[in-house]
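These are the residues of each chain, in order.
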Amino acid sequence: MTCGDQFRALEEGKIDLGFVGSRESIEERGLQFRSIASYKTVAALAKSNQLAKKPIIKLRDLKPIFFIGMSETAYPGYRHWLTTTCQQVGFTPKVLQDADIERTVIRAVATGLGVALLPDQVKKLPHENVVFRPLTPTVMTESCIAWKGENTSVALRAYVEIVKERSMSMR
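The structure presented is a predicted model; accordingly, all values stated were derived computationally and were not measured.

## Concerning the overall build of the protein chain
Line of reasoning, step 1. Within the protein chain, the secondary structure is distributed over five helices and eight strands.
Line of reasoning, step 2. Helices and strands appear in the protein chain in the N-to-C order α-β-α-β-β-β-α-β-α-β-β-β-α.
Line of reasoning, step 3. With respect to the principal axes defined by its C-alpha atoms, the protein chain has extents near 55 × 35 × 30 Å.
Line of reasoning, step 4. Looking at the protein chain as a whole, 42% of its 171 residues qualify as buried.
Line of reasoning, step 5. The contacts in the protein chain between residues at least 6 apart in sequence include a share of 72% that link residues at least 24 apart.
Line of reasoning, step 6. Here the protein chain has roughly 9,500 Å² of accessible surface; of this, 52% comes from carbon and sulfur atoms.

## Here we look at the confidence of the model for the protein chain
Line of reasoning, step 1. With 98% of its residues at a pLDDT of at least 70, the protein chain reaches an overall mean of 93.
Line of reasoning, step 2. Here helix H2 (residues 23-28) is the element of the protein chain with the lowest mean pLDDT, 84, and strand E3 (residues 57-58) is the one with the highest, 98.

## Some details on the environment of Ser71
Line of reasoning, step 1. Tracing the backbone shows Ser71 in the loop between strand E4 (66-70) and helix H3 (78-87).
Line of reasoning, step 2. Here the alpha-carbon distance between Ser71 and Gly4, two residues 67 residues apart in the chain, equals 9.3 Å.
Line of reasoning, step 3. Once you skip the residues sitting within four places of it in the chain, Ser71 turns out to touch Pro76, Asp98, Ala99 and Asp100.
Line of reasoning, step 4. A distance of 2.4 Å separates a polar atom in the side chain of Ser71 from a polar atom in the side chain of Asp100.

## Thoughts on the state of the cysteines
Disulfide: a covalent bond formed between the sulfur atoms of two cysteine residues.
Line of reasoning, step 1. One pass over the structure, following the stated rule, counts zero disulfides.
Line of reasoning, step 2. Cysteine Cys3 shares no disulfide, and the gap to the nearest cysteine sulfur, in Cys144, comes to 9.7 Å.
Line of reasoning, step 3. Residue Cys3 is classed as buried on the basis of its relative accessible area of 11%.
Line of reasoning, step 4. Owing to a relative accessible area of 0%, Cys144 belongs among the buried residues under this scheme.

## Examining the side chain of Asn151
Line of reasoning, step 1. Within the secondary structure, Asn151 sits in the loop between strand E8 (140-147) and helix H5 (154-169).
Line of reasoning, step 2. Judged by its relative accessible area of 17%, Asn151 is buried.
Line of reasoning, step 3. Those residues in contact with Asn151 that lie beyond four places of it in its chain are Asp16, Leu156 and Arg157.

## Let's talk about the packing of aromatic side chains
Line of reasoning, step 1. By the definition in use, this model includes three aromatic pairs.
Line of reasoning, step 2. When the ring centre of Phe7 is taken as reference, the NZ or CZ atom of Arg29 above it lies at 4.0 Å.

## Description of helix H4 (residues 102-110)
Line of reasoning, step 1. Of all the residues in H4, the buried ones are Val105, Ile106, Ala108 and Val109. Down the axis of H4, the buried side of the element spans an arc of 160°, and every buried residue falls inside it.
Line of reasoning, step 2. In the segment just after H4, Gly112 is the residue with positive phi, at about 90°.

## Looking at the pattern of salt bridges
Line of reasoning, step 1. Per the stated rule, a full pass over the model turns up eight salt bridges.
Line of reasoning, step 2. Here Asp120 makes a salt bridge to Lys123, at a shortest N to O gap of 2.9 Å.
Line of reasoning, step 3. Accessibility expressed as a relative area gives 27% for Asp120, which makes it partly exposed.

What counts and how
- Residues numbered from 1 in each chain as written.
- Predicted model: local features only at pLDDT ≥ 70, side-chain atom pairs only at ≥ 80, totals over all residues.
- Heavy atoms only, no water.
- Helix = DSSP H or I, 4+ residues; strand = E, 2+ residues; numbered from the N terminus.
- Buried < 20%, exposed > 50% of the residue type's maximum accessible area, 1.4 Å probe, protein only.
- Contact = heavy atoms within 4.5 Å.
- Areas by Shrake-Rupley, 256 points an atom, 1.4 Å probe, with all protein chains shown as cover.
- pLDDT = per-residue confidence, 0-100.
- Polar contact = N/O pair within 3.5 Å; in protein donor to acceptor, adjacent residues only side chain to side chain.
- Disulfide = S-S within 2.5 Å.
- Phe/Tyr/Trp six-rings, centres within 6.5 Å; stacked < 30°, edge-to-face > 60°.
- Lys NZ or Arg CZ within 6 Å of the ring centre and 35° of its normal.
- Arc of directions from axis to C-beta.
- Salt bridge = Lys/Arg side-chain N within 4 Å of Asp/Glu carboxyl O.

This is the structure we're talking about:
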């Protein structure tokens, strides 16, 4: 399920817990959450893009290029995150296309339609004709779990407690 699908399932009471993205989109829905991971963001570029030859990409160097984004339906809050991230270095991204899944974003990047900012772990997906480069300044992406506060499920509470303990022991 995409993050958007999980939000809808949480709201409808079909699932007890979702693995979702940014805290802003969670807070807007009035859900409880806990951050479970933080990832470096990378620039996904077509191998044919001139910037692909650089070992590190300056975020502001992406200003003239179109972006391939994640759809609001699938990843609520992504566009706000992308816009805010780019505005911190002085530009508003020009989004050419949005996609519902990362594989579609990678395919669009591979064809040269634009660049994408994605969590580092997306490098594990097949990515012929695409390179991933670290960004400067470093951009972080957060991953959270979310649940309804009024949910009284014992299993949910136990899981959240395990996540809380694990995150404290990793610090």
